[in-house]
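What the coordinates show
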Amino acid sequence: MTTPPYVAVVGPGEASAAECAAAEEVGRRLAAAGAVVVCGGLGGVMEAAARGAGASGGVAVGLLPGRDRADGNRHLTVCLPTGLGELRNGLVVGTADGVVAVGGSWGTMSEVALALRTGKPVVSLAGWDLCPPSGHLPGPRPAASPQEAVALVLASVGGRP
């Protein structure tokens, strides 16, 4: 049995319409390629990615910051309350093989930093420019479109685009 790639889609909970549209397309394309979408389970980019995954018949796993499963967005296939608050960002990244960051917020930055620190591939779509000052550490790979973001992350984790 082959295990599908798990890809975290991270971004602001209070996202713009453009960020939500991009995240939904990323979620849809990931699910269509057979990946499991992992997110923080709330609104904004997280909800849009889960909605996209569901539209393609895929699986969307949400790791919630609180203890109440009812706080998760309605598009999640699996909703896991952690009770860890913002610390759940480490679980989101830890469960994923790769990360697509859509847009930017402080929480998104923490997830990107944790992923890069642990050697996981990160693709940034309309996100913050995070280039380490030393120049010798890899930062997120930029993508110009949801299609490119999905192709890059799946190529990095051994999935099919």
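Residues numbered from 1 in each chain as written. Predicted model: local features only at pLDDT ≥ 70, side-chain atom pairs only at ≥ 80, totals over all residues. Heavy atoms only, no water.

**Quick look at the sheet that holds strand E7 (residues 141-143)**
Pairing within the open sheet is parallel, and its seven strands lie in the order E4-E3-E2-E1-E5-E6-E7. Where the open sheet ends on each side, the last strands, each with one partner, are strand E4 (78-81) and E7. Here the average twist between neighbouring strands, direction ignored, is 25°. For strand E5 (residues 98-102) and strand E6 (residues 122-125), the ladder comprises four bridges, and the chain directions are parallel. Residue pairing in the sheet places Val99 in a bridge with Val122 of E6. Packed onto the sheet, helix H1 (residues 17-32) meets strand E1 (6-10), strand E2 (36-39), E5 and E6 and runs at close to 155° relative to E5. Helix H5 (residues 146-157) contacts E1, E5, E6 and E7 of the sheet and is inclined by roughly 145° relative to E7. (Pairing = 2+ DSSP bridges. Helix = DSSP H or I, 4+ residues; strand = E, 2+ residues; numbered from the N terminus. Axes fitted to C-alpha atoms, helices over the stretch in contact; angles between N-to-C directions. Contact = heavy atoms within 4.5 Å.)

**So, the pairing of strand E3 (residues 60-64)**
The buried count for E3 comes to five of five residues, which makes it a mostly enclosed element. In this sheet, E3 lies alongside E2 in parallel orientation, the contact comprising three bridges. Of the residues in E3, the one forming a bridge with Val38 is Val61. Handedness of the crossover joining E2 and E3 through helix H2 (residues 45-55): right-handed. Sheet topology note: the E3/E4 ladder contains four bridges and is parallel. Bridging across to E4, Leu63 finds its partner in Leu80. (Buried < 20%, exposed > 50% of the residue type's maximum accessible area, 1.4 Å probe, protein only. Right-handed = clockwise from strand over helix to strand, strands pointing away.)

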